[in-house]
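Structure assessment
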Amino acid sequence: MTGGAPAIDGASRIYAVFGDPVAQVQTPRLINAIFAAAGRNILAVPFHVTPAQFGASWDTFAALDNVAGIGVTVPHKVAAARRCATLTPTAEAVGAVNSVRRDADGSMHGALFDGTGFVLGLGAGRARLAGARVLLVGAGGAGRAIAHALAGEGVARLDLLDLDPEAAAFTAAMVDAATGRPTARAVASAAVDTVDVIINATPIGIKGDARFPVPPAALRPDMLVADIAALAVETPLLRAARAAGATTSDGTDMLAAQIALIAGFAAGLPAGEALGR
């Protein structure tokens, strides 16, 4: 590092980060420090890639020899998984990825660390998941990963709220298969009075004008409220939860817990092995 900027030369490799939106993404800021500290000549760079641009962008980066891989955020996690040559067991079960490694032959290999990052990022709050009644809004790539991780934490019930009924049904079946009992169900509305934990796994609060389907007045001090959309800015959900006295967690907590795992995978280590630790 020179003057705070990464040293870039002809041997540098790029770890592209795809998202729509992408301005809020913190991966480059966090992961570049890990790459530098470990002596890896890899540089993470954000790219604003819309769904319409995704296929062409993926093909372009997959074809470039100095690309180490692609970090994947909303809304591309499911689409990216479908294009990978191989998936880790968690990514295969969920059907989504958040980190893709490019091998020397151009093949792309996907892993998913969102679920692990989410539960680790809760810190002491993780203990509150066992036996909890959980409302999860969003059954896309990140939501599925979190749901899969919640299955391993012993939640009592998982309500899934998503605009896509097929996504909610897929996620419920995945969770029930993991727990071996009826645990998850798709719901059409949020029954907030019967839940202990609320999780937002959608871009609500950072993109568009949609409102989170839980009114601020329904939030309670005894709740755990997590919003993974909250990175560079505070979302209305987290603002209301903090005003209500609830325990909160944001996307920064989740990302910080998994960033060394993402760095390790991008640098060629086995999935689940952190870089520099």
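Before reading on, note that the structure itself is shown above.
Residues numbered from 1 in each chain as written. Predicted model: local features only at pLDDT ≥ 70, side-chain atom pairs only at ≥ 80, totals over all residues. Heavy atoms only, no water.

A count of helical and extended segments in the protein chain gives nine helices and 12 strands. By the compact-globule yardstick of 19 Å for 277 residues, the protein chain fits well, its C-alpha radius of gyration being 18 Å. Each principal axis of the C-alpha atoms in the protein chain carries an extent, and together these give about 60 × 40 × 35 Å. By the burial criterion, 52% of the 277 residues in the protein chain qualify as buried. Taking the contacts inside the protein chain whose residues are at least 6 apart along the sequence as the reference set, 68% of them involve residues at least 24 apart. Entry remark: accessible area of the protein chain is about 11600 Å², with carbon and sulfur atoms responsible for 56%. Averaging the positions of the 21 positive and the 23 negative side-chain charges in the protein chain gives two centres separated by 3 Å. (Helix = DSSP H or I, 4+ residues; strand = E, 2+ residues; numbered from the N terminus. Rg over C-alpha atoms; globule rule 2.2 N^0.38 Å. Buried < 20%, exposed > 50% of the residue type's maximum accessible area, 1.4 Å probe, protein only. Contact = heavy atoms within 4.5 Å. Areas by Shrake-Rupley, 256 points an atom, 1.4 Å probe, with all protein chains shown as cover. Lys, Arg positive; Asp, Glu negative; His and termini not counted. Charge placed at Lys NZ, Arg CZ, Asp CG, Glu CD.)

Turning our attention to the sheet that holds strand 3 (residues 67-72). As summarised here, the arrangement of the six strands in space is 2-1-3-5-6-4, forming an open sheet in which the pairing is mixed. On the outer flanks of this sheet lie strand 2 (42-48) and strand 4 (86-87), each paired with one strand and no other. As paired elements, strand 5 (residues 99-102) and strand 6 (residues 108-111) share four bridges and run antiparallel to each other. Across the sheet, residue Arg102 finds its bridge partner in strand 6, namely Met108. Taken strand by strand, helix 2 (residues 51-62) contacts strand 1 (13-19), strand 2, strand 3, strand 5 and strand 6, and its axis lies near 170 degrees from that of strand 1. Lying over the sheet, helix 9 (residues 251-266) contacts strand 1, strand 2, strand 3, strand 5 and strand 6, oriented at roughly 20 degrees with respect to strand 5. (Pairing = 2+ DSSP bridges. Axes fitted to C-alpha atoms, helices over the stretch in contact; angles between N-to-C directions.)

So, about the pattern of salt bridges. Under the counting rule described, the total for this entry stands at 11 salt bridges. Between Arg126 and Glu153 there is a salt bridge; the shortest N-O distance is 2.9 Å. With Arg126 in the loop between helix 5 (114-121) and strand 7 (133-137) and Glu153 in the loop between helix 6 (141-151) and strand 8 (157-161), this pair connects stretches of sequence that are 27 residues apart. Exposure remark for Glu153: the relative accessible area of 18% places this residue in the buried category. Through salt bridges with shared partners, one network takes in Arg157, Asp159 and Arg185. (Salt bridge = Lys/Arg side-chain N within 4 Å of Asp/Glu carboxyl O.)

We now examine the sheet that holds strand 8. The strand order across the open sheet built from six strands is 9-8-7-10-11-12, with neighbouring strands paired in parallel fashion. Either end of the sheet is taken by a strand with one partner, and the two such strands are strand 9 (184-186) and strand 12 (247-250). Averaged over all neighbouring strand pairs, the angle between strand axes comes to 15 degrees, with direction disregarded. Taken together, the three bridges between strand 8 and strand 9 define a ladder with parallel strand orientation.

The terminal C-alpha atoms of helix 2 lie 17 Å apart, and with 12 residues this matches the ideal 16 Å at 1.5 Å per residue to within 8%. Those residues of helix 2 that sit buried are Phe54, Gly55, Ser57, Trp58, Phe61 and Ala62. Structurally, helix 2 contributes buried residues whose contacts are with strand 1, strand 2, strand 3, helix 3 (77-83), strand 5 and strand 6. (Expected span 1.5 Å × (residues − 1).)

Turning our attention to unusual backbone geometry. With an omega dihedral of 5 degrees, the bond running from Asp20 to Pro21 counts as a cis peptide bond. Among the structural elements, Pro21 can be located in the loop between strand 1 and helix 1 (27-37). In this structure, the amide linkage connecting Val74 to the following residue, Pro75, adopts the cis form with an omega of 5 degrees. Residue position: Pro75 is located in the loop between strand 3 and helix 3.

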